[in-house]
Amino acid sequence: MAGTATAAVRRGETAPVKEEARWTRATLGRDGRPLDLLTARFDQHRYAPHAHDEFTIGVCVGGSEIIDYRGGHIRTGPGSIVVLAPGEMHTGGPAACDGYAYRALYAEPSLLSEGAVGGLPHFREPLLDDPELAAALRVAHTELSVCPDPMEAESRFPWLLAALARRHSTARPDRDEIPGAARVADAVRDRLADELQAPPSLASLALDLGLSRYQLLRAFRTTMGIPPYAWLAQHRVHRARRLLESGLRPAEVAGLVGFADQAHLTRWFRRVLGVTPAAYRTSVFPSP
């Protein structure tokens, strides 16, 4: 692509401008609140001064952007995290001729208050250097933009946003030890297994158990070693395996075990068992 653009410039032609903005809406649990995700790549686009009602959390994935914010200028680079507070005016535009690319999510303030005490978190510095968290946000954003599974979105984003507030804001971290963590994890596991096709939201499960969603996630991760969505996906894969062995086809099995579609089943089946559902079924029922 870069070679094509360079050749065009030598011939006196105008190089193609790369301008892309794609929105995806994830839902935090069944019947939960929406979370908007933006995937953007701009060569020339400059945002007019504007503000959002939510926190804007962005991860730069290429190039560099200049953001006017709080009377100063922020210059992003690949891997940097930007946090813009609700109601704060800001702009955005390319810092260089190669443009800029980023992933952003727009989170209600309450999402960043989970896992912390002391009210709404305040970020003194809008530009953060946290490679581990930046990578985790980017991966979650990319995967959930493709397949915004409600349980997965509710397991991943509140956890990452709580980590953001706990590490980089003025808010005090909430306690890490959850009394009766194993009991909490067992109760959540049993509910997810019983309601495989339409699992309850983590927020509703937490309310039933007298916990915050962050505390529930903490208890489950501490006990099981994985977040609830990953446990549920593995449980669904094991159920799908039995149904495939009974003779059903992958397209039939996906909905029976709660996956959004066959592609969703295939993604997790390969992660857990190393092969696609179709390949597994063929091995169970080889051609004569």
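Before any of the text, the structure's been laid out above.
Reading the values: rules and limits
- Residues numbered from 1 in each chain as written.
- Predicted model: local features only at pLDDT ≥ 70, side-chain atom pairs only at ≥ 80, totals over all residues.
- Heavy atoms only, no water.
- Axes fitted to C-alpha atoms, helices over the stretch in contact; angles between N-to-C directions.
- Helix = DSSP H or I, 4+ residues; strand = E, 2+ residues; numbered from the N terminus.
- Contact = heavy atoms within 4.5 Å.
- Nonpolar A, V, L, I, M, F, W, Y, C, P; charged D, E, K, R; others polar.
- Pairing = 2+ DSSP bridges.
- Expected span 1.5 Å × (residues − 1).
- Buried < 20%, exposed > 50% of the residue type's maximum accessible area, 1.4 Å probe, protein only.
- Arc of directions from axis to C-beta.
- Core = buried A, V, L, I, M, F, W, Y, C linked by side-chain atoms within 4.5 Å.
- Salt bridge = Lys/Arg side-chain N within 4 Å of Asp/Glu carboxyl O.

**Q** Explain the packing of helix H4 (residues 150-168) against helix H8 (residues 228-245) to me, using residue names and the numbers behind them.
**A** Helix-helix packing is described using two parameters, namely the angle between the two axes and the distance between the axes. It is the contact of H4 with H8, at a shortest axis distance of 8 Å, that shows an interaxial angle of 150 degrees. Residues Met 151, Glu 152, Ser 155 and Arg 156 of H4 touch H8, and the partners they reach there are Pro 228, Tyr 229 and Leu 232. Considering only residue class, the contact of H4 with H8 consists of 4 nonpolar, 1 polar and 2 charged.

**Q** Would you mind going over the sheet that holds strand E2 (residues 34-42) in detail, with residue names and values included?
**A** Here we have 6 strands laid out as an open sheet, ordered E1-E2-E9-E4-E7-E11, and antiparallel in their pairing. This sheet does not close on itself; its edge strands, each paired only once, are strand E1 (19-27) and strand E11 (127-128). As defined by bridge partners, strand E4 (residues 55-63) adjoins strand E9 (residues 100-107) across 8 bridges and the pair is classed as antiparallel. Residue pairing across strands places Gly 63 opposite Tyr 100, the latter belonging to E9. Where helix H3 (residues 131-146) meets the sheet, its contacts fall on E1, E2, E4, strand E7 (81-84) and E9, and the angle it forms with E2 comes to roughly 100 degrees.

**Q** An account of H3 is requested, with residue identities and associated values reported.
**A** Over its 16 residues, H3 extends 23 Å from the first C-alpha to the last, a length consistent with the 22 Å expected when each residue adds 1.5 Å. Burial in H3 covers these residues: Leu 133, Ala 134, Leu 137, Ala 140, His 141, Leu 144 and Ser 145. Projected onto a plane normal to the axis of H3, the buried residues spread over an arc of 135 degrees and lie on a single side. Opposite the buried face of H3, at more than 90 degrees from it, the exposed residues are Pro 131, Glu 132 and Val 146.

**Q** Report on the nonpolar core, specifying residues and quantitative values.
**A** Nonpolar side chains in soluble globular proteins tend to be buried together. If you look at the biggest cluster of nonpolar residues, it comprises 35 residues, and the most contacted ones within it are Val 188, Leu 192, Phe 259, Leu 265, Trp 268 and Phe 269. Within the residue set of this core, elements represented by two or more residues are H4, helix H5 (181-194), helix H6 (202-208), helix H7 (213-224), H8, helix H9 (250-256) and helix H10 (262-273). Broken down by element, this core gets its largest block of residues, 8 residues, from H8. Residue contacts for Trp 268: discarding those within four places in its chain leaves Glu 152, Tyr 229, Ala 230, Ala 233, Val 237 and Phe 259. Ranked by size, the runner-up nonpolar core spans 33 residues in total, among them Leu 105, Ala 107, Phe 157 and Leu 164.

**Q** For the side chain of Thr 56, give the residues involved together with the corresponding values.
**A** The topology assignment puts Thr 56 in strand E4. Residue Thr 56 is classed as buried on the basis of its relative accessible area, which comes to 9%. The residues touching Thr 56, leaving out its near neighbours within four places in the chain, are Val 82, Val 83, Leu 84, Leu 105 and Tyr 106.

**Q** Report on the environment of Pro 158, specifying residues and quantitative values.
**A** Assignment of secondary structure puts Pro 158 in helix H4. As a C-alpha pair, Pro 158 and Tyr 214 span 56 residues in sequence and 7.3 Å in three-dimensional space. Those residues within four positions of Pro 158 in sequence are excluded, and the remaining contacts are Leu 28, Leu 111, Glu 114, Ala 153 and Arg 213.

**Q** Report on the pattern of salt bridges, specifying residues and quantitative values.
**A** Side-chain pairs of opposite charge can arise where the charged atoms are in close proximity. Using the criterion set out here, one finds 19 salt bridges in the structure. Put simply, Glu 108 and Arg 33 hold a salt bridge, and the shortest N to O gap is 2.9 Å. Of this pair, Glu 108 sits in the loop between E9 and helix H2 (109-113) while Arg 33 is found in the loop between E1 and E2, placing the two residues 75 residues apart along the sequence. In this structure, the salt-bridge partner of Arg 167 is Glu 132, at a minimum N-O distance of 3.4 Å. Of this pair, Arg 167 sits in helix H4 while Glu 132 is found in helix H3, placing the two residues 35 residues apart along the sequence. It is possible to trace a salt-bridge network through shared partners that takes in Glu 143, Glu 152, Arg 156, Arg 267 and Arg 271.

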